[in-house]
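Listed below, chain by chain, are the residues.
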Amino acid sequence: VQLQASGGGLVQAGGSLRLSCAASGRTFSSSVMGWFRQAPGKEREFVARINWSGGNTSVSGRFTISRDNAKNTMYLQMNSLKSGDTAVYYCAASTRWSTEAKFYRYWGQGTQVTVSS
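Basis of the calculations
- Residues numbered from 1 in each chain as written.
- Predicted model: local features only at pLDDT ≥ 70, side-chain atom pairs only at ≥ 80, totals over all residues.
- Heavy atoms only, no water.
- Helix = DSSP H or I, 4+ residues; strand = E, 2+ residues; numbered from the N terminus.
- Rg over C-alpha atoms; globule rule 2.2 N^0.38 Å.
- Buried < 20%, exposed > 50% of the residue type's maximum accessible area, 1.4 Å probe, protein only.
- Contact = heavy atoms within 4.5 Å.
- Areas by Shrake-Rupley, 256 points an atom, 1.4 Å probe, with all protein chains shown as cover.
- Phe/Tyr/Trp six-rings, centres within 6.5 Å; stacked < 30°, edge-to-face > 60°.
- Lys NZ or Arg CZ within 6 Å of the ring centre and 35° of its normal.

**Some remarks on the overall build of the chain**
Per the secondary structure count, the chain includes zero helices and 11 strands. When the elements of the chain are put in sequence order from the N terminus, they spell out β-β-β-β-β-β-β-β-β-β-β. In terms of overall size, the chain behaves like a compact globule, its C-alpha atoms giving a radius of gyration of 13 Å where 117 residues would be expected to give roughly 13 Å. Taken over the C-alpha atoms alone, the chain extends approximately 40 × 25 × 20 Å along its principal axes. A burial count over the chain gives 41% of its 117 residues as buried. Looking at the chain alone, contacts between residues at least 24 apart form 58% of all its contacts between residues at least 6 apart. When the accessible surface of the chain is split by element, carbon and sulfur atoms take 45% of a total near 6200 Å².

Here you go:
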């Protein structure tokens, strides 16, 4: 699976962004997909995950994760953004239902999200 994240940018606090993760490869529709983020000087942290059908998700209240298997694309809708959300956001694919980055085998290149206060 090859992944490409997009949709990042500069937004004011309180604003919204929608990130996309386009995947290539036949295994996308059977993969657990996740979003992680990494801020400068910090470790990569889990943001959200979604199972193969989209029927099971783990995500914080301000964000929504979804996927469209027909389009081989996953999304992260981020609302009420805060300065603490500033980070590089990565999408990733796994065969395990996990929040740990080490279990995600495939990674996108990351997209920068900057929230100004």
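**Details of the packing of aromatic side chains**
This structure, assessed with the given rule, holds five aromatic pairs. The interplanar angle of 75° and the centroid separation of 6.4 Å between the aromatic rings of Tyr-90 and Trp-107 together place this pair among those described as edge-to-face. Here Tyr-90, found in strand S9 (residues 87–94), pairs with Trp-107, found in strand S10 (residues 104–107); they are 17 residues apart in sequence, far enough to count as distant. Above the face of the Trp-107 ring, Arg-44 is positioned so that its terminal group lies 4.7 Å from the ring centre. It is Arg-67 that lies over the ring of Phe-28; its NZ or CZ is 4.6 Å from the centre.

Note that every value here comes from positions in space, so none of it alone points to a role or purpose.
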